[in-house]
Amino acid sequence: MKFTTRTHLPWRTGATVLGISALLSLSGCFGGSGGSTGSPAAESDNSPEQEENVARFSEGRVFKVEPGEQATEDMVAAMIQLRPGDALEFGCGYFDLYHGLLIQATEDVEIRGCGKDETVLNFRDSDNVTGLEALNVRGITVKDLTILDSPGDAFKLKGVKWGTLLNVRAIWSGGGEPITRENYASRLQVECTTPPFNEGDPAPDYVPSSDSGRYGIYPVESENILVDNSESIGASDAGIYVGQTNTAIIRNSRAAYNVMGFEIENVQGGEYDNNLAECNTGGFLIYDLENITQYGDTSVMLNNVSRNNNTYNFAHSGLVSAVPRGTGFITLGYDNIEVYDNVFEDNSTAAVIYTSYELIDGKGKTSDKKLDPYTEGLHIYNNVMKNSGFDLPAPNLEKVIGEGEVETLLPTLIGIKNIHNPGKGAHIVWDGLLDDYDAECPYPVDASGQPVPKDENGKPIHTNEHPNPACHYNAYKFNAQGERKLPEWGSCIYNNEMSSDSQDYINFHGMRGLELVLNVVDFDLGAIFSWQGLQDTLTGPLEFFADTELEDHDCSARFGRTLASLPRVTIPPFERSGSVDPAPTQEYINQLCEAPVKPGEINREALVVDCPRLDQYNLFANAQDPRSMPHEGGVPFVLNSKLFSDYATKYRVAFIPPGTKAVYMDGQNGGNLNGTIHFPNGTVIAKTFAFTDESNGTEELVETRLLIKRTSQSGKAVWSGPTYSWSTDDSGKKVAKLVPGGETRSVSWHYEDQHTGKLLAGSTDSYAIPNQNQCITCHSNDDLEAGAAPIGPKPRNLNRAYVPESRFMGTEGQGGFPQVNQLKYWQDQGILANVPALQIDGRGIATNIERLPHWNVPGDSGATAGSDADVETRLRAYLEVNCQHCHNDKGAASNTGYYLDHYRKIDAGYGICKKPTATGGGSCGRQHVVVPGSPGQSIVSCRVENADDPQRKMPPIAKSVSHTEAVELLNSWIANVVNSDYENGEACSGTGIFQSLNQ
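For clarity, every value in this text was computed on a predicted model and none was experimentally measured.

(A) Fine view of the overall build of the protein chain. Along the protein chain, the regular secondary structure elements total 18 helices and 48 strands. Residue pairs in contact within the protein chain that sit at least 24 positions apart in sequence constitute 68% of those at least 6 positions apart. For the protein chain, the exposed surface amounts to about 34800 Å²; the carbon and sulfur share of it is 48%.

Given below as structure tokens:
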């Protein structure tokens, strides 16, 4: 890797986490800083201010990575150092990369190559699910490169403000021969001539595959996003997507051979302009998905071409798996869309499908009552529509019969109901469904009982923080007489050029007429749900058939006016926040970290940077052993339930700065549901990972991770997380060296679990010390403070007597620390304020405050051992510690809508019969996160037990082996505790249209 410095970096849009300043040492890339390897015990009265002044910050650096065996290491070393004004530059050529490119906690950075045909980053053998991921970044531009064969998403921006993807390509090899170094020059250019209508059909241009990753270009939960002159080929979900985002433009781009070409989901202020969708299953989609962070409104689609989107649907699961082959544009449950000056041609089902969740769930049966199931304010005009609906796809009988997913019947029903052109679709297809005024449904309220915000029309503005109402409020759509306000809450369709080779319009009236299916005695689903079977059965009254009165949508004729044009999207200029400090210079790091300190004192001046060696901070009495007693009153602590890390034993210490106190904050009365105790600036939390072998009487130190609460130049508190790997130097001394780029180690364990008495034994060659950006992924979520904030030290997880996780130290070092209630000890030592009066029982547990149980100890929940309540409480403790830090409404997985907060009600948000938000290998081919009574059908079971597939394993970072005991507990809960009585528990069976008719 080459490194250069420049004085100025031009403005670029991008992605960042607000207020994060993770000062990384350059030594992680360029080697150590020298100095003694022993404990810095010499006395000194010199402060850094008295020493020679050195430059503190450096910016405008360019990190250059070239193809070759060192490309991955060079990339990781560069990505963890990017600070404001920096760039990571890939040279021309083909790169084999076995680790994902992750950008975190920074702002105003650029990732670039030589051009999307000249720079190809192959992630086929990567150990991460995503190719390039930017999390919580402010100001990022990614340009001029291609990402190939990412296991999951190719380009993902999450929590990004001002992000630009310019001249990039996402592509998968698909079901054909792999794209390689030798053939990429010819394989990157994919034509669209003859897409496969059915699986197994000839595919001369490209062979799609359900094994491809999910999203090509995937900005989510972001703001001010621009995708320009970019391309996606072969995604098993959506090619170019923007979701749960405010202000987004997709323009001048192409999507081909994806399931869905372009997708705007839950976006407030989206725009498609001058794009080409071809040879996908569906061309363009604008919709709202239920049970996620926000709901969308107002998107414009103009100057696009949607042609020949006739590739069979190869998605694993999720809503996109129900999109009919041959869809030019589809909308679902999204208000205020303007579609004009587009061309739709040669789409085999319809140019436009205008539908609602009522079609999927049944009237009033959509479980998320915050979601408006209907698209309204739809404005379609001045478009060209040619050759639509000429070949309707047959239903997928395997999904219909085996999984109850009769959504695939939609095209068949359209064809049967089209009385004027039987067996064909049309240019525009509408399900004809709109809601009725619900006078009894009150205006929704937030968690505190106050009315939720509303827009100028009176429509509630919901987020995932609002509780699910009992009904869907819709009074804003109706006047005082209960009449629908039109055209605002309807649709205006006019002045479109429609070729005569296709039916102009069909309103197929939803599922009207399908009641006849239910009257067939002893019917065979395989026979009924086929083209001929439905034709033979559905011989009902004329009202069953579709009408073709497009004039119903002529708003000028009906109301004397039409819908007003929507505003074009404008992205405001980018400005740095100033919350992220530039990188410290190596000279400044050396000056602080090599300064001598007095015996027993922590080198607190050095805590503002990441020192090359752990001992330079002087945290422990024995610099070679972090299990020794901590300096300056550091307090060892343990947790009731902990993160699983390949059966590692952990030693944790909190260093509260002298003269300060942490503040007790809990989830019961402290209003701190998922947060930890509040620690003062200057706090250090150390966690050492070791592997114990009681049979040999050994314990191997592997890594020590620090969380340091620093103060940025802007005055904001920020947590930083340097990690140190233990080894033995040439003199035989143990030393822990900074490894910002991470490391992989071979480890083994053989010890008796202190809680259960079970022997735990095994080994792995893939124990991963995460790189510094990976650490932030988990530690930057649902906290009130920026950076890599703590996860474990919550009052409910500290409420116990201190007992080391391992017996190895006996009474030496931290093994001899007082074994009393930890919260009471901290209070008595004067380092924890605001603690309520604690009532301590004989086990050392405070019985009058919150407490997590030991997840693996039956009965520790307080309920009868093995009872439903006991199993569920212990399982929830495990999921909170291992998964909740991402799966909450502010976490890295917030876009999934699957939340595991400790106090959250167990319902669809907790996974009960919740459909996945995306398809791909991560869904394991299953349809719901938790299926009552069936671990084998539950996505969460598949993902927790997996430890090697980057698309599936959860958590994605902390483990390389399956946590057998936790999987058993999870599966026991699903199989024996969760049933259809749980809220939303009946939504798994008989999914879709058939369910809506059968209830």
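(B) A look at the sheet that holds strand E32 (residues 426–430). Here 11 strands make up an open sheet; going across it, the order is E7-E10-E12-E14-E17-E20-E23-E26-E29-E32-E35 and the pairing parallel. Two strands bound the open sheet, and with one partner strand each, they are strand E7 (101–104) and strand E35 (505–507). Neighbouring strand axes in the sheet, compared pairwise and without regard to direction, differ in orientation by 10° on average. Inspection of the sheet shows strand E14 (residues 217–220) paired to strand E17 (residues 238–243) by 2 bridges, in the parallel sense. Note that in E17 the partner of Ile 217 across the bridge is Ile 240.

(C) Quick peek at the state of the cysteines. Tallied over the entire structure, the rule returns 6 disulfides. Residue pairing for Cys 913: its cysteine sulfur links by disulfide to Cys 988, the two sulfurs lying 2.0 Å apart. Its S-S torsion of about -120° marks the bond between Cys 913 and Cys 988 as left-handed, since a negative value means left-handed. Taken as a pair, Cys 913 in the loop between helix H15 (868–884) and helix H16 (939–945) and Cys 988 in the loop between helix H17 (964–976) and helix H18 (993–997) lie far apart in primary sequence, 75 residues in all. For the residue pair Cys 913 and Cys 988, the accessibility class agrees, reading buried in each case.

(D) Representation of unusual backbone geometry. Residue Pro 487 is reached from Leu 486 by a cis peptide bond, and omega for that bond is 10°. Tracing the backbone shows Pro 487 in the loop between E32 and strand E33 (491–494). For Asn 274, which is not glycine, the phi dihedral falls at a positive 60°. Tracing the chain through its elements places Asn 274 in the loop between strand E21 (268–273) and strand E22 (276–278). For Asn 274, a relative accessible area of 43% puts it in the partly exposed group.

(E) Molecular detail of the nonpolar core. Counting residues in each nonpolar core, the largest one holds 84 residues, and the members touching the most others are Phe 90, Leu 101, Ile 103, Ile 111 and Phe 155. The element that contributes the greatest number of residues to this core is strand E11 (residues 137–148), accounting for 6 residues. Filtering out sequence-adjacent residues up to four positions away, Ile 111 remains in contact with Leu 82, Leu 88, Phe 90, Leu 101, Ile 103, Leu 132, Ile 140, Thr 141, Val 142, Lys 143 and Leu 145. Membership of the second largest hydrophobic core comes to 41 residues, among which are Val 739, Val 747, Ile 769 and Val 967.

(F) Just helix H2 (residues 71–79), in detail. Counting buried residues in H2 gives 8 out of 9 residues, a clear majority hidden from the surface. Of all the positions in H2, only Ala 71, Thr 72, Asp 74, Met 75, Val 76, Ala 77, Ala 78 and Met 79 are classed as buried.

(G) Fine view of helix H6 (residues 410–417). Across the 8 residues that make up H6, a large majority, 8, are buried. Burial in H6 covers these residues: Leu 410, Pro 411, Thr 412, Leu 413, Ile 414, Gly 415, Ile 416 and Lys 417.

(H) Local environment of the side chain of Arg 876. Looking at the element boundaries, Arg 876 is found in helix H15. At 5.4 Å, Glu 872 is the nearest oppositely charged side chain to Arg 876, a buried residue that forms no salt bridge. A polar side-chain atom of Arg 876 sits 3.0 Å from the main-chain carbonyl oxygen of Asp 901. Not counting residues up to four positions away in its chain, the partners in contact with Arg 876 are Asp 901, His 902, Tyr 903, Arg 904, Ile 906 and Tyr 910.

(I) Structural context of the pattern of salt bridges. Counted according to the given criterion, the structure contains 52 salt bridges. Between Glu 89 and Arg 112 there is a salt bridge whose closest N-O contact spans 2.8 Å. On the criterion of sequence distance, the pair formed by Glu 89 in strand E5 (residues 87–90) and Arg 112 in strand E8 (residues 107–112) is long-range, its members being 23 residues apart. Accessibility expressed as a relative area gives 23% for Glu 89, which makes it partly exposed. Asp 149 is the salt-bridge partner of Arg 124, the closest N and O atoms lying 2.8 Å from each other.

(J) Broad picture of the environment of Ser 491. Here Ser 491 lies in strand E33. By relative accessible area, which is 10% here, Ser 491 ends up buried. Among residues more than four places away in sequence, those in contact with Ser 491 are Tyr 354, Leu 378, His 553 and Cys 555. At a separation of 2.6 Å, a polar atom in the side chain of Ser 491 contacts the side chain of His 553.

(K) Main features of the confidence of the model for the protein chain. For the protein chain, mean pLDDT is 86; residues scoring 70 or higher make up 86% of the total. With pLDDT under 50 throughout, residues 518–522 is counted as low confidence; its partners more than four residues away or in other chains account for 5 contacts. Across residues 539–543, where pLDDT falls below 50, the model places 4 contacts with residues more than four positions away in sequence or in other chains.

(L) Quick look at the pairing of strand E4 (residues 61–65). Burial of E4 is extensive: 4 of the 5 residues sit out of reach of the surface. Where E4 lies against E5, 4 bridges are found, and the strand directions are parallel. Within the sheet, the bridge partner assigned to Val 65 lies in E5 and is Phe 90. With H2 bridging E4 and the parallel E5, this β-α-β connection has right-handed handedness.

(M) Looking closely at the packing of H15 against H17. It is the contact of H15 with H17, at a shortest axis distance of 10 Å, that shows an interaxial angle of 135°. Regarding the angle of H15 to H17, the classification is oblique. Remark: the crossing between H15 and H17 carries left-handed chirality. Here Asp 868, Val 871, Glu 872, Arg 874, Leu 875 and Tyr 878 of H15 come into contact with H17, specifically with Ala 966, Leu 969, Leu 970, Ser 972, Trp 973 and Asn 976.

(N) Here's a closer look at the packing of aromatic side chains. What the rule picks out here adds up to 31 aromatic pairs. Aromatic pair Tyr 215 and Tyr 241: ring centres 4.7 Å apart, planes at 45°, arrangement tilted. Within this pair, whereas Tyr 215 is found in the loop between helix H3 (184–187) and E14, its partner Tyr 241 is found in strand E17, the two being separated by 26 residues in sequence. Judged by its relative accessible area of 1%, Tyr 215 falls in the buried class. Seen from their ring centres, Phe 691 and Tyr 767 are 5.2 Å apart, and the 80° between their planes marks the pair as edge-to-face. A residue pair is termed long-range when its members are at least 10 positions apart, and Phe 691 in strand E40 (residues 684–693) and Tyr 767 in strand E46 (residues 759–769) qualify at 76 residues. Neither residue differs from the other here; Phe 691 and Tyr 767 are each classed as buried. Put simply, the rings of Phe 644, Tyr 647, Phe 691, Trp 749 and Tyr 767 touch in pairs and so form one group of aromatic residues.

(O) Focus on the environment of Phe 620. Looking at the element boundaries, Phe 620 is found in the loop between helix H11 (586–593) and strand E37 (635–637). Accessibility expressed as a relative area gives 6% for Phe 620, which makes it buried. Separated by 19 residues in sequence, Phe 620 and Glu 601 have C-alpha atoms that sit 9.3 Å apart.

Cut-offs and rules
- Per chain, residues are indexed from 1 in the order of the written sequence.
- Only residues with pLDDT of at least 70 are given local features in this predicted model, and only at 80 or more are side-chain atom pairs given and counted; all residues enter the totals for whole chains, interfaces and linings.
- Side-chain figures throughout are based on the complete set of non-hydrogen atoms in the structure, without hydrogens or water.
- A run of H or I in DSSP counts as a helix once it spans at least four residues, and a run of E counts as a strand once it spans at least two, with each numbered from the N terminus.
- Contacts between residues were defined by any pair of non-hydrogen atoms, one from each residue, lying within 4.5 Å.
- Calculation of accessible area relied on Shrake-Rupley with a 1.4 Å probe; when residues are assessed, cover is drawn exclusively from the protein chains displayed.
- Note: two strands are recorded as paired if DSSP finds a minimum of 2 bridges between them.
- With axes taken as lines fitted to C-alpha atoms, and helix axes fitted only over the stretch in contact, angles between N-to-C directions fall between 0 and 180 degrees.
- Count a disulfide wherever a pair of cysteine sulfur atoms falls within 2.5 Å.
- The rule is simple: take the accessible area with a 1.4 Å probe, protein chains only, and divide by the maximum for that residue type; under 20% is buried, over 50% is exposed, in between is partly exposed.
- Residues enter a nonpolar core if they are buried and are Ala, Val, Leu, Ile, Met, Phe, Trp, Tyr or Cys, with the set joined through side-chain atoms within 4.5 Å.
- For the purpose of counting charges, residues Lys and Arg are taken to be positive, whereas Asp and Glu are taken to be negative. His and the chain ends are not included.
- For this document, the term salt bridge refers to a Lys or Arg side-chain nitrogen within 4 Å of an Asp or Glu carboxyl oxygen.
- Two N or O atoms count as a polar contact when they lie within 3.5 Å, although within protein this holds only if one can serve as hydrogen donor and the other as acceptor, and sequence-adjacent residues are included solely when both atoms are side-chain atoms.
- The score called pLDDT rates the predictor's confidence residue by residue, from a low of 0 to a high of 100.
- When the strands point away from the viewer, a crossover counts as right-handed if the route from the first strand across the helix to the second turns clockwise.
- Under this scheme an angle from 65 to 115 degrees is roughly perpendicular, one under 35 degrees roughly parallel, and one over 145 degrees roughly antiparallel; angles in between are oblique.
- Take the far helix as the reference: if the near one is turned anticlockwise from it by less than a right angle, the crossing is left-handed, and if turned clockwise, right-handed.
- Note on aromatic contacts: the rings of Phe and Tyr and the six-membered ring of Trp form a pair at centre separations within 6.5 Å, being stacked when their planes are under 30 degrees apart, edge-to-face when over 60 apart, and tilted otherwise.

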